[in-house]
Amino acid sequence: MGMPTHHMAIFAMLLAAGIVAPFMLYPVFVMKVLCFALFACAFNLLLGFGGLLSFGHAAYFGSASYISAHAAKVWGLSPELSILAGTATAALLGLAFGSLAIRRQGIYFAMVTLAFAQMVYFFALQAPFTGGEDGIQGVPRGNLFGIISLQSHFAVYWMVLAIFFIGILIIYRIIHSPFGQVLKAIRENEPRAISLGYRVNRYKLTVFVLSATLAGLAGATKAFVFQLASLTDVHWSMSGEVVLMTLLGGMGTVFGPIVGAAVIVTMQNYLATWGAWVTIVQGIIFVLGVLLFREGIVGVLSKLIKKPL
């Protein structure tokens, strides 16, 4: 049937906003929003459409960040190869962890993913190439495809915008494919899907790996934005933040995680002078969101206009 007209309009508005944004806002801030929006959309693919709650997605985001930073700084790889190396690492971790995690369901699945993420965190803390608590700093941006210099924020911004849109379009295609429809069936009624002959665990593992890979793409890109890979990227709080972004924006919607990521990153940026109070404000907003907007910001809008968003 093709993409609905209102979805095409939203993508067009996102593209227009992305083109104008660096001229009106600080480019690094906008790039951070784009990276975390992609991260949240990748997580939403697993939770919102696969029905699998992971408390350890920081493992894939952070591991890709470390590997891409190390590849660029130590191995001397170009930006695109470094990002691919980080993304491939996240995919392999997703395959390894996912093949074990999907054997459990519900809270047990969530706890297993959290345990794996903590293993990655302590590995990043102790491994010699990660820099320990200092992380990997001063990541060189180099030249994209050996031609385009990424020394300026504007040059990096266009690369990040392109990666964001590629990632979002991939997620959109997955959701609206026959594979995505089966995922929704498994999410709604797993025994029924099994009775219809679907190999449920295979679908779960596939969506787990896809989600981990796209989360890794976001993390690898983030390393070039800030020229830094740190323990914050693999900390359990990062896994919590992406859950908050997804639920606040609208779990199970296409564009909800983008809105949720924009809200949370904006709060962190403009309320940074409040110190620890930012976390309290986030908690209050989350509670209000759950009580008043159970479907998330975009989920409520979707109900109002009676069209899927």
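Coordinates for the structure precede this section.
In this report, we go over the structure that sits alongside the text. Remember, predicted model here, so these are calculated numbers, not experimental data.

### Description of the packing of helix α3 (residues 58–73) against helix α4 (residues 79–101)
- Interhelical geometry of α3 versus α4 gives an angle of 145 degrees and a closest axis separation of 7 Å. In terms of crossing hand, the pair formed by α3 and α4 is right-handed. Along the contact surface, α3 presents Ala59, Tyr60, Ser63, Ala64, Ile67, Ser68, Ala71 and Ala72, while α4 presents Ser82, Ile83, Ala85, Gly86, Thr87, Thr89, Ala90, Leu93, Gly94 and Phe97.
- Across the contact of α3 with α4, the residue classes break down as eleven nonpolar, seven polar and no charged.

### A look at the nonpolar core
- Within the largest apolar cluster, 93 residues are counted, with the highest numbers of intra-cluster contacts made by Phe36, Leu38, Phe39, Tyr60, Met159, Val160 and Phe164.
- With 19 residues, the single largest contributor to this core is helix α2 (residues 27–49).
- With near-sequence residues (within four places) excluded, Tyr60 lies in contact with Ala90, Leu93, Gly94, Phe97, Phe208, Ala212, Ala215 and Gly216.

### Let's talk about the pattern of salt bridges
- The tally for this structure, following the rule as stated, stands at four salt bridges.
- Across the salt bridge formed by Glu188 and Arg187, the nearest N and O atoms sit 3.0 Å from each other.
- A salt bridge links Asp233 to Lys222, with the nearest nitrogen and oxygen atoms 2.9 Å apart. Residue Asp233 is located in the loop between β4 (228–229) and α10 (236–249), and its partner Lys222 is located in helix α9 (residues 200–226); the two are separated by eleven residues in the primary sequence. One exposure class covers both Asp233 and Lys222, and it is buried.

### A closer look at the packing of aromatic side chains
- Summed over all chains, the structure comprises 16 aromatic pairs.
- Ring centres of Phe179 and Tyr203 lie 5.5 Å apart, and the angle between their planes is 20 degrees; on these two criteria the pair is classed as stacked. Placement of Phe179 in helix α7 (residues 178–188) and of Tyr203 in helix α9 is noted, with a sequence separation of 24 residues between them.
- One aromatic cluster in this structure is built from Tyr60, Phe97, Phe109, Phe116 and Phe208.

### Re α9
- Counted at 1.5 Å a residue, the expected span for α9 with its 27 residues is 39 Å, and the 39 Å between its end C-alpha atoms agrees.
- Burial within α9 is extensive, with 20 of its 27 residues counted as buried.
- Two residues or fewer after α9 comes Gln227, characterised by a positive phi angle close to 55 degrees.

Parameters and conventions
- Residues numbered from 1 in each chain as written.
- Predicted model: local features only at pLDDT ≥ 70, side-chain atom pairs only at ≥ 80, totals over all residues.
- Heavy atoms only, no water.
- Axes fitted to C-alpha atoms, helices over the stretch in contact; angles between N-to-C directions.
- Helix = DSSP H or I, 4+ residues; strand = E, 2+ residues; numbered from the N terminus.
- Left-handed = near helix turned anticlockwise from the far one by under 90°.
- Contact = heavy atoms within 4.5 Å.
- Nonpolar A, V, L, I, M, F, W, Y, C, P; charged D, E, K, R; others polar.
- Core = buried A, V, L, I, M, F, W, Y, C linked by side-chain atoms within 4.5 Å.
- Buried < 20%, exposed > 50% of the residue type's maximum accessible area, 1.4 Å probe, protein only.
- Salt bridge = Lys/Arg side-chain N within 4 Å of Asp/Glu carboxyl O.
- Phe/Tyr/Trp six-rings, centres within 6.5 Å; stacked < 30°, edge-to-face > 60°.
- Expected span 1.5 Å × (residues − 1).

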